[in-house]
Each structure stands twice: as C-alpha cells, then as structure tokens.
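Tertiary structure, described
In case you want the letters, here they are:
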Amino acid sequence: MDFLTVLGLAAATLTTIAFLPQMFKTWQSKSAKDVSFVMLVTFNSGVFLWLIYGIYLQALPIILANSVTLFFNLIILWLKIKYR
C-alpha cells in the first residue's frame, strides 16, 4: 500500500469511529433528543454521495469510511425515530 492510501485509511478510521460514542450513548440512554433530525438526514445524504463518489473513483479509503459511517449514522437516525 502506498503512503496516500495509508493516510486515507487512517483518516477514515478516525472520522468513522468518532460516531461510536454518540451511537452508544443514544442506544444506552434511549434518548436522542439532543441530536438534530435534519442534521442526521442531511449528513447521511452527504455520506451516501461520498460513498457513490468513492465507488466511482474506486478509492478504498473513501468507500470504507463512508460505508461504515453511513451504517453508524443510519443506526443513530433509526434510534432518533424510535425514541421520539
């Protein structure tokens, strides 16, 4: 793997795991009142577009980061709807 791919994977890992505390807190507290619904929908839409872009470029760091980030944030969105 070249340096830029490793750099991209490191960035992808950090930005993706940043959502884990919010997901776990929402799950454990059964409350998502402090999380904006509009922000989640907008963010998930943007992450989905980044995923499509990464697939088009065949860029592994972009594909991995946005796939996992989209998954985590869809869980948060689901919890937001569930615990309304």
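Up top is the structure these notes are about.
Let me sum up the structure you'll find in this document.

Analysis parameters
- Residues numbered from 1 in each chain as written.
- Predicted model: local features only at pLDDT ≥ 70, side-chain atom pairs only at ≥ 80, totals over all residues.
- Heavy atoms only, no water.
- Patch = residues over 30% accessible without salt bridge, like charges linked within 9 Å, V, L, I, M, F, W, Y side chains within 5 Å.
- Areas by Shrake-Rupley, 256 points an atom, 1.4 Å probe, with all protein chains shown as cover.
- Salt bridge = Lys/Arg side-chain N within 4 Å of Asp/Glu carboxyl O.
- Helix = DSSP H or I, 4+ residues; strand = E, 2+ residues; numbered from the N terminus.
- Phe/Tyr/Trp six-rings, centres within 6.5 Å; stacked < 30°, edge-to-face > 60°.
- Buried < 20%, exposed > 50% of the residue type's maximum accessible area, 1.4 Å probe, protein only.
- Core = buried A, V, L, I, M, F, W, Y, C linked by side-chain atoms within 4.5 Å.
- Contact = heavy atoms within 4.5 Å.

1. Describing a nonpolar patch on the surface
- Taken together, the side chains of F37, V38, V41 and I81 define a hydrophobic patch exposed on the protein surface, amounting to about 340 Å² of accessible area.
- Top contributing element to the nonpolar patch by residue count: helix α3 (residues 37–57), with three residues.
- The residue V41 is located in helix α3 in this model.

2. A short note on the packing of aromatic side chains
- If you walk through the whole model with that rule in mind, you get four aromatic pairs.
- Each ring, one from W27 and one from W78, has its centre 6.4 Å from the other, and the planes form 65 degrees; the classification is edge-to-face. Taken together, the positions of W27 in helix α2 (residues 20–29) and W78 in helix α4 (residues 60–82) put the pair 51 residues apart, joining distant regions of the chain.
- An angle of 50 degrees between the planes, with centres 6.2 Å apart, marks the rings of F71 and F72 as tilted.
- By relative accessible area, which is 52% here, F71 ends up exposed.

3. A short note on the nonpolar core
- The biggest cluster of nonpolar side chains holds eight residues, and these are M23, V35, L40, F72, I75, I76, L77 and L79.
- Among the elements that make up this core, the one with the highest residue count is α4 (five residues).
- Not counting residues within four places of it along the chain, the set of residues in contact with L77 comprises F37, L40, V41 and N44.

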